[in-house]
Amino acid sequence: MEDDVPTVTVRLWRPDAIVLFDWLMSTDLDTVPISHPAQKQALADLLSRLEWAADTDVTASTAEEIAAAQQEVARDMGW
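Rules used in this analysis
Residues numbered from 1 in each chain as written. Predicted model: local features only at pLDDT ≥ 70, side-chain atom pairs only at ≥ 80, totals over all residues. Heavy atoms only, no water. Helix = DSSP H or I, 4+ residues; strand = E, 2+ residues; numbered from the N terminus. Buried < 20%, exposed > 50% of the residue type's maximum accessible area, 1.4 Å probe, protein only. Contact = heavy atoms within 4.5 Å. Areas by Shrake-Rupley, 256 points an atom, 1.4 Å probe, with all protein chains shown as cover. Lys, Arg positive; Asp, Glu negative; His and termini not counted. Charge placed at Lys NZ, Arg CZ, Asp CG, Glu CD. Patch = residues over 30% accessible without salt bridge, like charges linked within 9 Å, V, L, I, M, F, W, Y side chains within 5 Å. Salt bridge = Lys/Arg side-chain N within 4 Å of Asp/Glu carboxyl O.

(A) Focus on the overall build of the chain. Of regular secondary structure, the chain possesses 3 helices and 0 strands. When the elements of the chain are put in sequence order from the N terminus, they spell out α-α-α. Once the C-alpha set of the chain is aligned to its principal axes, its extents read approximately 35 × 30 × 25 Å. Among the 79 residues that make up the chain, the fraction classed as buried is 18%. Considering only residue pairs separated by 6 or more positions, the chain has 64% of its internal contacts joining residues 24 or more positions apart. Carbon and sulfur atoms make up 54% of the accessible area of the chain, which amounts to about 6400 Å² in all. In the chain, 5 positive and 15 negative side-chain charges are present, and the distance between their average locations comes to 5 Å.

Right under this line is the structure:
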């Protein structure tokens, strides 16, 4: 990313980051419904950013950590 491009800082709960990273890694973005090509690119950019700049290493999460994160995130969904 270029330094002169405006950015937004988003803080994620670690379990959310793990769930998102796992989903993005296992999803064929060509099959995700989109209404504009920029949406697919934004998802790819999010994946790259999670790989490159996550404060905690979500990329090395074990299957057990992913399952625990999924359970934690889904715990109080109510829908």
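(B) How the structure looks around a nonpolar patch on the surface. A surface patch of nonpolar side chains, about 310 Å² in accessible area, is lined by Val8, Val10 and Leu12. Relative to the helices and strands, Val8 is located in the segment before helix H1 (14-26). Val8 gets classed as exposed once you look at its relative accessible area, which sits at 72%.

These figures capture arrangement, not role.
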